[in-house]
Amino acid sequence: METVWEWLRTVCGYYRAQGRLLALDLTTVVARAGARLLIPAVALHVFQVCLPAGDLRATGWSALLFALLAVGAAALEWCGTICGQWLGFRIEAALRADFFDHLQRLPFAFFDRTKTGEVLSRVTSDLRMVGSTAHLLPEALLEISLTLVGAFAFMFWINPTLAAFTLIPVPFILFFAGSFQKRIHQVWRENRHEAATFAAHVENAVQGIREIKSFTGEARARRAFRHANARFRRSFEKVSALYAPLFSGTQLLLEGYSLLYIALGAWLVARDSATLAQVFAFFMYSRYVTAPMLRIVGFLDLFQQGLVGFRRFREFVAQPPEDDPAGDAAPLGPVRGEIRLEGLRFRYPGAPRDVLDIPALTLPAGAVCALVGPSGGGKSTLAALIPRFYAPTAGRILLDGRDTATIPKRDLRAAIGIVAQRPFLFDGTVRDNLLLGRPDADDAALWAALEAANLAPAIRARPEGLDTPVGEHGLRLSGGQAQRLAIARVFLKNPPILILDEATSALDTFAEAAVQEALGRLSAGRTTLIIAHRLTTIRHATQICYLEDGRIVESGSPDALLARRGKYHALLALANLPTSPDPHEAPHAKP
C-alpha cells in the first residue's frame, strides 16, 4: 500500500506539469459519460411516451437527439483519446528525462555492477507501462465512477425495485477481481525481471557478434538465446495462466448479472411492477454497468503493470548519486599540473583487501610519468582515482597543493584529458565526436585538432568530411583512426593533465607510429600519466613508477632505474629492449 501512495504522490507532480491537457482530457470524459447516459433515457422516452401516444413528430425529434448524442459521444471519444494518449506520452517522456538525469549522476561503481540491457529495459518498457497507467488512471477512475453512478441513478429513477436487486451482485464481482491483484503484481514483477535479463542477453550477443562468429560459436549462441527466450516466454505464460480464470470468471459473473436483471424484469412485468419499456431501458443501461466492470478488471491489470514499472523506476532513482561534497566549493582556477599522492589507499566495494597502497608519490608539473608493471598491479585504478571516478578509501590526492576532494568534480575533470585503450566513440559523425571535447568549436578548430592527431588526411579523403559517420563504437573507422579521433577530441579539450591508458596497445606498428607521434604532440607541456605494457610507448617518460600488487616498488627517472638493475631493468630485459642507461639506446629515449 505504501508503494501505491508513493506512486500516486509521484505521478501527481507530473499531472501538475500537464494541468491543461489533463483538464481537457477529464472534461471530455465527463461530457462523454453524460452523453452516453442520456441515450437510454431518450430510448425510454420514445417507447414509454412517444410511441404509445402515437406522436410521430416527438418520436422523430427523439431519434434526432439520439443520433446527436451518439455522434457527440464518438467525437468526445476521439478528442479524449488524443488528449489521454498525449498526456501519457508526455508523462512518460518526463519520467525518462528524470531517469536519464539521475543516470548521469550515478557513480562508476553503479555501472560496474549493472548490465546495460537492464538499464535499457527500465528506461523503455518499464516506463512505458508507468506512462500508460498514468494517463489512464484519472480518466478510467472518473469515467468508471460517473458511468456506474449515473447508470444506477437512472435505473433507480426508472424502477427502484429492479435497480435494488441488480445492485446486489456488484460487490461480489469487484471482490472476485480484487482477489487476484496480489498474484498479478507478483507475476508482472517476475516478467519485468525476465524482460531486463532478456534485453541484457540480446545486447551482449549483439555487442559480441564478431567474437561469436570468429569462434564459430553460432550454435552455442543460438542455444543460449533460446534458453533466455524460453524463460521470457514462460514469464508471459504465467501471466496468461493467471488471467484466464480472472477474465473468464468475471465474464461468467457478468453474464449471470445480465441474466439476473432479465429474469427479475420478466418477473416484475408479470406482476405489473415494471413495464417492457423499463426493462428495455434497463437492458441498455446494463451495458453501462457490465462494460465498466470489465474495464475495472482490465484497469487493475494495467495498474499492477504500472505499479511494477514504478517500483523498478523507484529502485533505480533510489540509487545514491555520485557524491560531490566540493560541489559548491571555490572553482579550480588555472592549473599548473603538479599531482601529489599522500597515504593513498583504495579498495573496491566488497573486495577483501586494498588494491592500492601508495604512501607517497609526486608528479611535478609538466612531467611525463609512466606506470609499468604486471597486469592487475593497480595502474588503471590509480588513473581512475585522479579524476575521482572513485574516491580513495584513505589518504588524498593533491592537485597543485589542493586536495582533489575539495575541488568540484566538474572543474577537476575539465582539467584532465583521458585517452583509453579502447576509446568510446558515439554512433554519430566525426564532428559529433569531436564536439564532445569542445562544444563551441568551429570547423577550423576541428580540422586543426584532426591535423594534430594525424587524422585530417584520412577524413578529407572521405566525401562526407567532418560529417563522416563513425558507426556504433567507431566500427566504420580502423583501430588507429578511432584512436586518433579520440586524441583529436582531447586536443580540442586542451587539458593541462593527460592520462593515457594503454592508448596504443591494440594497434599495429604502422598505426602505433602515427598515434605515438600525435600523443607526443598532445603531451607536450602537460603533466602526463602513461599506463603502458608496450614499453616502446614510454620513450618520452621523465619518471617511471613500477607498480606491483598495488604498491610502487620502484620509482625514479628511467636512467636511475636502469642503473639500479631492479624490476624495471628486468622488465626491459624480458621485452628484449636495451637496458643501457644511454638515452640514445633506452626505450624511453627520443628517436
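Quantities reported herein were computed from a predicted structural model and do not represent experimental measurements.

**Examining the sheet that holds strand β4 (residues 394-399)**
Here is step 1: Strands sit in the order β2-β1-β4-β5 across an open sheet of four strands; the sheet is antiparallel. Strands at the two margins of the open sheet, each flanked by one partner only, are β2 (356-363) and β5 (402-403).
Here is step 2: Looking at chain direction, strand β1 (residues 339-346) and β4 are connected through five bridges and run antiparallel. From the neighbouring strand, Arg 345 faces β4, where its bridge partner is Ala 394.

**What about the environment of Leu 434?**
Here is step 1: Looking at the element boundaries, Leu 434 is found in helix α14 (residues 430-435).
Here is step 2: Along the chain, Leu 434 and Arg 57 lie 377 residues apart, while their C-alpha atoms are 78 Å from each other.

**Structural notes on the packing of aromatic side chains**
Each pair of aromatic rings is reported with the distance of its centres and the angle of its planes.
Here is step 1: Enumeration over the complete set of coordinates arrives at 17 aromatic pairs.
Here is step 2: What links up through ring pairs into an aromatic cluster is the set Phe 108, Phe 346, Tyr 348, Phe 389 and Tyr 390.
Here is step 3: Looking at Arg 183, its charged tip hangs above the ring of Phe 180, at a distance of 4.8 Å from the centre.
Here is step 4: The ring of Trp 447 is capped by Arg 460, whose NZ or CZ atom sits 4.5 Å from the centre of that ring.

**Re a nonpolar patch on the surface**
Here is step 1: Among the surface-exposed residues, Phe 47, Leu 51, Ile 262, Phe 280 and Phe 283 lie close enough to one another that they form a single nonpolar patch of about 470 Å² accessible area.
Here is step 2: Within the residue set of the nonpolar patch, elements represented by two or more residues are α2 (19-53) and α11 (276-317).
Here is step 3: By the element assignment, Phe 283 lies in helix α11.
Here is step 4: Assessed through its relative accessible area of 47%, Phe 283 is described here as partly exposed.

**Section: the state of the cysteines**
Here is step 1: Here the structure, examined in full by the defined rule, presents zero disulfides.
Here is step 2: With no disulfide of its own, Cys 79 has Cys 83 as its nearest cysteine by sulfur position, at a separation of 4.1 Å.
Here is step 3: Residue Cys 79 is classed as partly exposed on the basis of its relative accessible area, which comes to 24%.

The rules we used
Residues numbered from 1 in each chain as written. Predicted model: local features only at pLDDT ≥ 70, side-chain atom pairs only at ≥ 80, totals over all residues. Heavy atoms only, no water. Pairing = 2+ DSSP bridges. Helix = DSSP H or I, 4+ residues; strand = E, 2+ residues; numbered from the N terminus. Phe/Tyr/Trp six-rings, centres within 6.5 Å; stacked < 30°, edge-to-face > 60°. Lys NZ or Arg CZ within 6 Å of the ring centre and 35° of its normal. Patch = residues over 30% accessible without salt bridge, like charges linked within 9 Å, V, L, I, M, F, W, Y side chains within 5 Å. Areas by Shrake-Rupley, 256 points an atom, 1.4 Å probe, with all protein chains shown as cover. Salt bridge = Lys/Arg side-chain N within 4 Å of Asp/Glu carboxyl O. Buried < 20%, exposed > 50% of the residue type's maximum accessible area, 1.4 Å probe, protein only. Disulfide = S-S within 2.5 Å.

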